[in-house]
Amino acid sequence: MKSIHSRLLLLLAMFIIVPYFISVVLIYWQTKANVEKFELKNSREQLQKTSEDLEQYFQDMVDLPLILYRNPDLFRVFERGFEDSIYSNQLEIDKGMKTFYLMRQEIRQVGVYIAKGGDSFSVYDAMVSARKQIPDILDKPSIEALLNSKNAYWIEPPHQIENYNRVPNMPQSDRTIVLTFQHKIVDVLNNRFLGLVSVDIDLDRIAQICNRFIKGKVESIWLSDADGNVIYSSDPDWTGKPVDSNQKFKDGKGTGDIQFSEKLTGILNGWSLVKTTSSEYLFREVRKTAYTNIAVGIGVVILGLFMINIISYKIARPIKLLSRKVGKIEGENLHIQLNGTREDEIGHLETHIQDMMRRINLHIEREYRLELENKTNQFRALKSQINPHFLNNALQSIGAVAIRSGSPEVYKLVTSLSKMMRYAIRPDHWASVRSEVDYVESYLNFQKERFRTTLDCKIDIEGSLMEVPVPAMILQPLAENYFKHCFEEGWQETGLRIRGKRVGEKMVIEVENDGPGLTASELEELRGKIYNPEYDGWSSHDHIGLKNIHERLVLNYGSNAGLEVYSPGGRGFKVCLVIPQITKEGEENENLARG
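Residues numbered from 1 in each chain as written. Predicted model: local features only at pLDDT ≥ 70, side-chain atom pairs only at ≥ 80, totals over all residues. Heavy atoms only, no water.

Within the chain one finds 17 helices and 18 strands. Split into buried and exposed, the 595 residues of the chain put 43% on the buried side. The long-range share in the chain, meaning contacts at least 24 apart out of those at least 6 apart in sequence, stands at 64%. Surface summary for the chain: the accessible area is close to 32900 Å², and the carbon and sulfur share equals 54%. (Helix = DSSP H or I, 4+ residues; strand = E, 2+ residues; numbered from the N terminus. Buried < 20%, exposed > 50% of the residue type's maximum accessible area, 1.4 Å probe, protein only. Contact = heavy atoms within 4.5 Å. Areas by Shrake-Rupley, 256 points an atom, 1.4 Å probe, with all protein chains shown as cover.)

Below is the structure:
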């Protein structure tokens, strides 16, 4: 196999490296000192000018909330809260905070907290959220530091933007890195604390100020606060991190690089602005001067031109072509054709890349189809549980009530049936726990009339869980199993219990009856059918609801979720639905429901 690497080494050593080394060494050191001295002076002046601009910009941002004191109607809301006129106060908040939000282009979000009443708002995309009570808002470290400080402001290090009031108009895809200015609003007469204004700004304006005199990738710059946090860096990976977390911030980008620093004053007292310049770039002009002052320069140019032709047409050209093709693959074009006819490393790479793309395409297509079919079939199987047999029994119950008691009871049952049918055929695959409970209660009303008895059924679910989104149709199949295996088999003196609670990091819903139990072998066989990924010829009427519920929980929440079955002492039957811990507002499952 012909090696591109070996040919390059031979040609470069023969025609470029040796003559170039000889010519550069002769005059390199003559001009290096002068160039370095010039760059040092120029960088110092640029750093000083940039420091002044940064100090002025941060001073403007710190002074920005002072205009709130000039709006008497808005400031009155901070003084009195919402007790006197909720409507007019809300209008003042909407008008005043929208105007404040639009004052600077870099403002991404504004949070407002009013001490009197504990109400909070946020402004995102020029929209003011509804007011909410967030009790722990003052427990945030940056706000505690501000309240304990004599200053009226506090600057938080860069962080990902957060949804202050959990407003729905902020997309989850917004992961902008912002710098937060916390401002304390006080009564200027008695220094009484009235509230807080949090202003999130993006780093674009700071980047413009810092990057205007650095040259691409050969130079870098970062701004750090007095606590050693990187407020901005031309390398985005280090923005918001401590300066001492990497030696890079101490010694520069690499060995031999030159670093310049400037201490800031005024409002940014204790902050540092640091610029790192690549020594290779710094002395590039020195090398150019050396070429022009060496007698062998002409020979180097001739040899260089000769080698450029060879590299361009014999060696570099296939590399460039391959690079373009790989660039198309990076643009998600996985169907590009590579010829793979060369016998060197490029040819082998093209062949392997072609095979790799073919395997990736097959894998993506297969996995996509399997996942789509699995989700569709699972939900269809669960909805088929509302079978014609049940509908027939329900209609018979309604007829019996009509004969015995008259239209009010008929209306009640018809209304319940209408609710159940609407719930069963709803297009949304997600519902709140409360909706699931309402559906089960409607189902129990029908069964009560069907069996003409007083059902011993109790539902006890913690109130904090009632609005949590869960996959639809996970409780009714469990209640239906109770009637199928208890009442229809003669066990009518039994009870049904549905309980829901938080257990550690999980939400657990238990559905239990004291009817006939299962032996140890029967219970083990049932568990095998539920947890086995294959159906193994299992009848569609034999506990498919349990298996369907388990697989949907695992599909939506991962392996930490699922369904567990028990028969304590062979008496009764209990099903536990385990769902991983959610946030206080149910944000994770709500996101799944929207997806």
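Taken together, 4 strands build an open sheet; the order of strands is 9-8-11-10 and the sheet is antiparallel. The open sheet has two free edges, formed respectively by strand 9 (230-233) and strand 10 (258-263), since each of these has just one partner strand. Between one strand axis and the next, the sheet turns through 15 degrees on average, direction left out of account. Pairing geometry for strand 8 (residues 219-224) and strand 9, over 3 bridges, is antiparallel. The residue bridging W222 from the neighbouring strand is S233, located in strand 9. (Pairing = 2+ DSSP bridges. Axes fitted to C-alpha atoms, helices over the stretch in contact; angles between N-to-C directions.)

What follows deals with the pattern of salt bridges. This structure, assessed with the given rule, holds 16 salt bridges. One salt bridge in this structure joins R499 and E512, with 2.6 Å as the shortest N-O distance. A residue pair is termed long-range when its members are at least 10 positions apart, and R499 in strand 15 (residues 495-503) and E512 in strand 16 (residues 506-516) qualify at 13 residues. Here R499 falls in the partly exposed class, since its relative accessible area comes to 29%. Members of the salt-bridge network, linked through shared partners, are K49, D53 and R212. (Salt bridge = Lys/Arg side-chain N within 4 Å of Asp/Glu carboxyl O.)

On the surface, a cluster of nonpolar side chains totalling about 240 Å² of accessible area is made up of M356, I360 and I364. Relative to the helices and strands, I364 is located in helix 10 (residues 345-383). Given the relative accessible area of 46%, I364 is considered partly exposed. (Patch = residues over 30% accessible without salt bridge, like charges linked within 9 Å, V, L, I, M, F, W, Y side chains within 5 Å.)

What the 5 strands build is an open sheet, ordered 13-15-16-18-17; its pairing is mixed. If you trace the sheet from one side to the other, it starts and ends with strand 13 (456-461) and strand 17 (562-566), each paired once. On average, each strand axis in the sheet is inclined to that of its neighbour by 15 degrees, with strand direction left out of account. Relative to strand 16, strand 15 is paired through 8 bridges, and the arrangement is antiparallel. Bridging from a neighbouring strand, V503 pairs with K506 of strand 16.

Okay, the packing of helix 13 (residues 433-451) against helix 14 (residues 476-485) next. It is at 10 Å that the axes of helix 13 and helix 14 come closest, and there the two elements cross at 20 degrees. In terms of orientation, helix 13 and helix 14 fall into the roughly parallel class. Of the two possible hands of crossing, helix 13 and helix 14 adopt the one that is right-handed. Each of Y439, V440, Y443, L444, Q447 and F451 in helix 13 lies in contact with helix 14, whose residues at this interface are Q476, A479, E480 and F483. In the contact of helix 13 with helix 14, the residues fall into 7 nonpolar, 2 polar and 1 charged. (Parallel < 35°, antiparallel > 145°, perpendicular 65-115°, else oblique. Left-handed = near helix turned anticlockwise from the far one by under 90°. Nonpolar A, V, L, I, M, F, W, Y, C, P; charged D, E, K, R; others polar.)

This next bit is on the pairing of strand 11 (residues 272-277). Burial of strand 11 is extensive: 6 of the 6 residues sit out of reach of the surface. Side chains S272, V274 and T276 of strand 11 all project onto a buried face; the interleaved residues L273, K275 and T277 project onto the opposite face, where all are buried too. With 6 bridges connecting them, strand 8 and strand 11 associate as antiparallel partners. For S220, the partnering residue across the bridge sits in strand 11 and is T276.

For N191, which is not glycine, the phi dihedral falls at a positive 60 degrees. Residue placement: N191 occurs in the loop between strand 6 (177-186) and strand 7 (193-202). Residue M473 is not a glycine yet carries a positive backbone phi of 65 degrees. With respect to the helices, strands and loops of the structure, M473 is situated in the loop between strand 14 (469-471) and helix 14.

Counting buried positions along strand 2 (residues 119-124) yields 6 of 6 residues, so the element is predominantly enclosed. The side-chain alternation of strand 2 yields two buried faces, one formed by D119, F121 and V123 and the other by S120, S122 and Y124. Hairpin connection of strand 1 (residues 107-114) to strand 2: 4 residues between the antiparallel strands, including G117 at a positive phi of 100 degrees. Relative to strand 3 (residues 127-128), strand 2 runs antiparallel, the two being bridged by 2 bridges. Residue pairing in the sheet places Y124 in a bridge with M127 of strand 3. Where strand 2 folds back onto strand 3 in an antiparallel hairpin, the turn is made up of 2 residues, including D125, whose phi is positive at roughly 55 degrees.

Considering every residue of the chain, the mean pLDDT works out to 77; 68% of them sit at 70 or more. Note that residues 535-541 has pLDDT below 50 and, in this model, 9 contacts with residues that lie over four places away or in other chains. Predicted confidence for residues 583-595 stays below pLDDT 50, and this span has 19 contacts to residues more than four positions away or in other chains. (pLDDT = per-residue confidence, 0-100.)

Under the criterion given, the structure shown has 7 aromatic pairs. Aromatic side chains Y57 and F58 sit 5.9 Å apart centroid to centroid with 90 degrees between the ring planes, which places their arrangement in the edge-to-face category. Accessibility expressed as a relative area gives 4% for Y57, which makes it buried. Judged by relative accessible area, F58 falls into the buried class, the value being 0%. Look at W430 and Y557: their rings are 6.0 Å apart centre to centre, the planes differ by 70 degrees, and that puts the pair in the edge-to-face class. A residue pair is termed long-range when its members are at least 10 positions apart, and W430 in strand 12 (residues 430-432) and Y557 in helix 16 (residues 544-557) qualify at 127 residues. (Phe/Tyr/Trp six-rings, centres within 6.5 Å; stacked < 30°, edge-to-face > 60°.)

Further remarks concern helix 13. If you check helix 13, its first and last C-alpha atoms are 27 Å apart, about what 19 residues at 1.5 Å a residue would give, namely 27 Å. Within the sequence span of helix 13, burial applies to V433, E436, V437, Y439, V440, S442, Y443, L444, F446, Q447, E449 and F451. R452 occupies a position one or two residues after helix 13 and carries a positive phi of about 55 degrees. (Expected span 1.5 Å × (residues − 1).)

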